[in-house]
Amino acid sequence: MKLHHKTNIFLNFVQLFANCDSYKTQRKNNTIRIKTLIMKKLQQVLMLAVCLLILMVAAVQRDGKLWGHSLKAAKADSLKTARIDTMRTLDDGTKVINTTMLGKDITGYGGAVPLEIYVKDNKIVKVKALKNAETPEFFAETKPLLAKWNGKTIDEALRLKVDAVSGATFSSRGIIGNMRRGLAYASQKAVEPSILEQMDLNAKTVSALLVVLLGAIVPLFYRNKHYRTVQLLLNVVVLGFGCGTFLSWSLFVNFVSSGINFWASLVPVLMLVTAFVYPLFGKKNYYCTNICPCGSLQDLAAKTKNRKWRMDGKTVKALNAARRLLFAVLLVLALSGIWFKWMDYEVFSAFIFQTASVFVLALGGVFLLLSFFVARPYCRFVCPTGTLFKIAERR
C-alpha cells in the first residue's frame with residue numbers, strides 16, 4: 001500500500017513537470033506567433049509607405065507639387081503670385097475678382113481651379129476659368145456651369161444653389177467653391193464655409209456616401225448572396241454611372257499633388273480607408289471585392305448562367321506575369337516623367353461615358369464582354385490600381 005502511494009506521488013511529480021514543459025512550449029510558440037504577426041504588420045506598413053513614396057515621386061514629376069506646395073521654381077512662383085491682384089478695376093468700371101489666392105485651398109480633381117469673376121453695377125457679367133491642372137475633357141463639361149451666375153447680383157449669387165455637373169463632379173465643386181469664396185470677398189462677408197457647405201450634400205453625394213458606408217460596414221458582419229447582389233448593383237449604378245466616383249492612379253496622384261479637402265472628398269476618402277487601412281487588420285482586397293464599381297460590374301456579369309471559359313494554370317500564370325510587366329512599364333513611365341497620360345486610360349473612366357475617350361469606352365466594352373466568360377478579367381490580369389493595392393498588401 002505504501003509502495004503504491006509513493007508510486008502515485010512520483011507519477012504526479014512527473015505529470016507536473018510534463019505540464020510545465022508543455023506550458024513553456026506553448027508559451028514559446030505563442031511568443032513566436034506574436035512576433036511573426038508583428039513582423040508581418042510592420043512589413044505591410046513598410047510596403048504602404050513604399051506605395052506612398054511612389055505616388056509622391058509621380059506627383060512631383062507630373063505637377064511639381066506635393067500636398068499643394070510647389071517644389072519647382074518656388075521662388076519664381078512666389079514672385080508671380082505676389083503680383084496677382086485679388087481685385088482690380090477695368091477702365092469701364094468692371095471689377096474683376098481673382099480667386100487664385102482666395103481659393104488656393106479649394107481643389108477640383110487635378111488641383112486648384114482659380115476663376116476671374118467680372119462684376120459691374122453689382123451684377124455678375126461673366127465668370128472666366130483661369131489656367132488649371134484639370135483633365136481637359138472633363139473640365140470642358142463644366143463650361144455651362146460658369147454661366148449659372150451671370151446676371152445675378154452678388155447677394156443673389158451667394159444664395160444660389162448650383163449642382164455639380166454629372167461626369168465632372170470634382171471640377172464642378174472646385175468652381176462652385178471658388179465662386180463662393182470670390183463672391184464672399186466681393187460682398188465683404190468673407191467667412192469660412194461650413195462643413196456641410198464643403199460636403200455639398202446634394203442627392204448624388206448623399207447616395208454615394210450611403211452606398212460606400214454600406215459596402216464598408218455591412219460585409220464585415222453579414223454575408224448573404226442576395227444582399228451582395230444588391231450591393232454590387234448599388235456600386236455600379238450609384239458610384240459608377242451615377243457619381244463617377246472610384247479609386248484610380250489619377251485620383252491618387254491628384255490627391256498627393258494637391259492635397260485632400262477631407263469634407264469635399266469624403267466618399268473617396270472612405271474608399272481609401274477600405275483600400276489601404278482595412279488590409280492592415282486582415283481585410284485584404286476589401287475595396288476591390290465590396291466597393292469598386294468596376295469589379296462589381298464584372299461580378300454581376302459573371303453571375304449570368306452562360307458557359308464559362310476554363311483557363312489552365314499555365315495561362316493564368318502567364319497572364320499574371322503580363323500584368324506585372326505592364327505595371328512595371330507604366331511605373332517607369334510615371335516615375336521618369338516620360339508619360340503620365342496612361343493614368344487617364346484606366347478603364348474606370350468609362351463609367352463617365354459623357355467625357356470618356358473612345359479608346360476607354362472600347363476597352364471597357366471588351367472587358368465587360370470578357371467578364372461573362374472569365375471571372376474579373378480586368379481586375380486579375382490588367383488593373384494597375386489593383387496591382388498597387390497588391391503591393392501595399394504584400395499579396
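Residues numbered from 1 in each chain as written. Predicted model: local features only at pLDDT ≥ 70, side-chain atom pairs only at ≥ 80, totals over all residues. Heavy atoms only, no water.

Asker: Honestly, the overall build of the protein in this entry has me stumped. Any pointers?
Answerer: Regarding its fold elements, the protein presents 17 helices and six strands. A sequence separation of at least 24 residues applies to 70% of the contacts in the protein between residues at least 6 apart. Surface exposure of the protein reaches about 22,000 Å², of which carbon and sulfur atoms provide 65%. (Helix = DSSP H or I, 4+ residues; strand = E, 2+ residues; numbered from the N terminus. Contact = heavy atoms within 4.5 Å. Areas by Shrake-Rupley, 256 points an atom, 1.4 Å probe, with all protein chains shown as cover.)

Asker: Where do I start with the pattern of salt bridges in this structure?
Answerer: Enumeration according to the criterion identifies six salt bridges in this entry. Between arginine 228 and aspartate 299 there is a salt bridge; the shortest N-O distance is 3.0 Å. Residue arginine 228 is found in helix α9 (residues 225-242), and its partner aspartate 299 is found in helix α13 (residues 293-302); the two are separated by 71 residues along the sequence. Residue lysine 341 pairs with aspartate 344 through a salt bridge whose shortest N-O separation is 3.5 Å. (Salt bridge = Lys/Arg side-chain N within 4 Å of Asp/Glu carboxyl O.)

Asker: Is there a simple way to explain the packing of aromatic side chains in this structure?
Answerer: The description of an aromatic ring pair uses the distance of the two centres, along with the angle that the planes make with each other. Under the criterion given, the structure shown has 17 aromatic pairs. Considering the side-chain rings of tyrosine 222 and tyrosine 227, the 6.2 Å spacing of their centres and the 65° angle between planes classify their relative orientation as edge-to-face. With relative accessibility at 45%, the residue tyrosine 222 sits in the partly exposed group. On the basis of an interplanar angle of 65° and a centroid distance of 6.1 Å, the ring pair of phenylalanine 252 and phenylalanine 389 is categorised as edge-to-face. (Phe/Tyr/Trp six-rings, centres within 6.5 Å; stacked < 30°, edge-to-face > 60°. Buried < 20%, exposed > 50% of the residue type's maximum accessible area, 1.4 Å probe, protein only.)

Asker: I tried to follow the sheet that holds strand β3 (residues 87-89) on my own but got confused; where do I start?
Answerer: The strands that make up a sheet pair up through hydrogen bonds in the backbone, lying either parallel or antiparallel. Pairing is antiparallel across the open sheet formed by four strands, whose spatial order is β3-β4-β5-β6. Each edge of the open sheet is held by one strand with a lone partner, namely β3 and β6 (123-129). When the angles between neighbouring strand axes are averaged without regard to direction, this sheet yields 20°. Pairing geometry for strand β5 (residues 115-120) and β6, over six bridges, is antiparallel. (Pairing = 2+ DSSP bridges. Axes fitted to C-alpha atoms, helices over the stretch in contact; angles between N-to-C directions.)

Asker: Mind showing me how you'd approach the environment of leucine 270 here?
Answerer: One can find leucine 270 in helix α11 (residues 266-277). In contact with leucine 270, other than residues within four places in its own chain, are Leu209, Val212 and Leu213.

Asker: What's the story with the side chain of threonine 94 in this structure? I'm lost.
Answerer: Among the secondary structure elements, threonine 94 is positioned in the loop between β3 and β4 (95-98). Its relative accessible area of 6% is what places threonine 94 among the buried residues. The contacts of threonine 94, once residues within four sequence positions are left out, are Arg88, Thr89, Tyr118, Val119 and Lys120.

Asker: Help me out: how do you make sense of the nonpolar core in this one?
Answerer: Most often, soluble globular proteins keep nonpolar side chains buried together rather than apart. By size, the foremost hydrophobic cluster in this structure holds 59 residues, and its most contacted members are Leu247, Trp249 and Tyr287. Once residues within four sequence positions are removed from consideration, tryptophan 249 is found in contact with Ile54, Leu55, Phe327, Leu331, Trp342, Met343, Glu346, Pro384, Thr385 and Leu388. Core analysis: the next-biggest nonpolar cluster, separate from the first, contains 21 residues, Ile117, Leu145, Ala157 and Met179 among them. (Core = buried A, V, L, I, M, F, W, Y, C linked by side-chain atoms within 4.5 Å.)

Asker: Quick question: what am I supposed to make of a nonpolar patch on the surface here?
Answerer: A surface patch of nonpolar side chains, amounting to about 500 Å² of accessible area, comprises Leu213, Ile217, Leu220, Phe221 and Tyr222. Mapped onto the secondary structure, phenylalanine 221 falls in helix α8 (residues 203-221). Using a relative accessible area of 71% as the deciding quantity, one classes phenylalanine 221 as exposed. (Patch = residues over 30% accessible without salt bridge, like charges linked within 9 Å, V, L, I, M, F, W, Y side chains within 5 Å.)

Asker: It is not clear to me how unusual backbone geometry should be interpreted in this structure. Could you clarify?
Answerer: Peptide bonds are, in most cases, trans, and in most cases residues other than glycine have a negative phi. The phi angle at aspartate 121 is positive, at roughly 55°, despite the residue not being glycine. Relative to the helices and strands, aspartate 121 is located in the loop between β5 and β6. You can call aspartate 121 exposed: its relative accessible area is 69%. Despite not being glycine, arginine 376 shows a phi value in the positive range, around 45°. Along the chain, arginine 376 turns up in the loop between α15 (358-371) and α16 (377-381).

Asker: What exactly am I supposed to notice about the confidence of the model for the protein here?
Answerer: Detailed reading of the predicted coordinates is not advisable wherever pLDDT falls low. Summarising the model, the protein shows a mean pLDDT of 84, and 87% of its residues fall at 70 or more. Considering only residues more than four positions removed or in separate chains, one finds that residues 74-82, a stretch of pLDDT under 50, has three contacts. (pLDDT = per-residue confidence, 0-100.)

Asker: How do you make sense of the state of the cysteines when you look at a structure like this?
Answerer: Put plainly, a disulfide is one covalent bond tying together the sulfur atoms of two cysteines. Scanning the entire structure with this criterion turns up zero disulfides. You can see cysteine 288 has no disulfide; the closest cysteine sulfur is in cysteine 292, sitting 6.0 Å from it. Relative accessible area serves as the criterion here: at 13%, cysteine 288 is assigned to the buried category. (Disulfide = S-S within 2.5 Å.)

Asker: In this structure, what is going on with the side chain of threonine 142? I would like to understand it.
Answerer: Within the secondary structure, threonine 142 is located in the loop between α3 (136-140) and α4 (143-146). Overall, the relative accessible area of 0% leaves threonine 142 in the buried class. Within the structure, threonine 142 has its side chain in polar contact with the backbone oxygen of phenylalanine 139 (distance 2.6 Å). Ignoring any residue separated from it by four or fewer positions in sequence, one finds threonine 142 in contact with Val165, Ala168, Ser171, Ser172 and Ile175. (Polar contact = N/O pair within 3.5 Å; in protein donor to acceptor, adjacent residues only side chain to side chain.)

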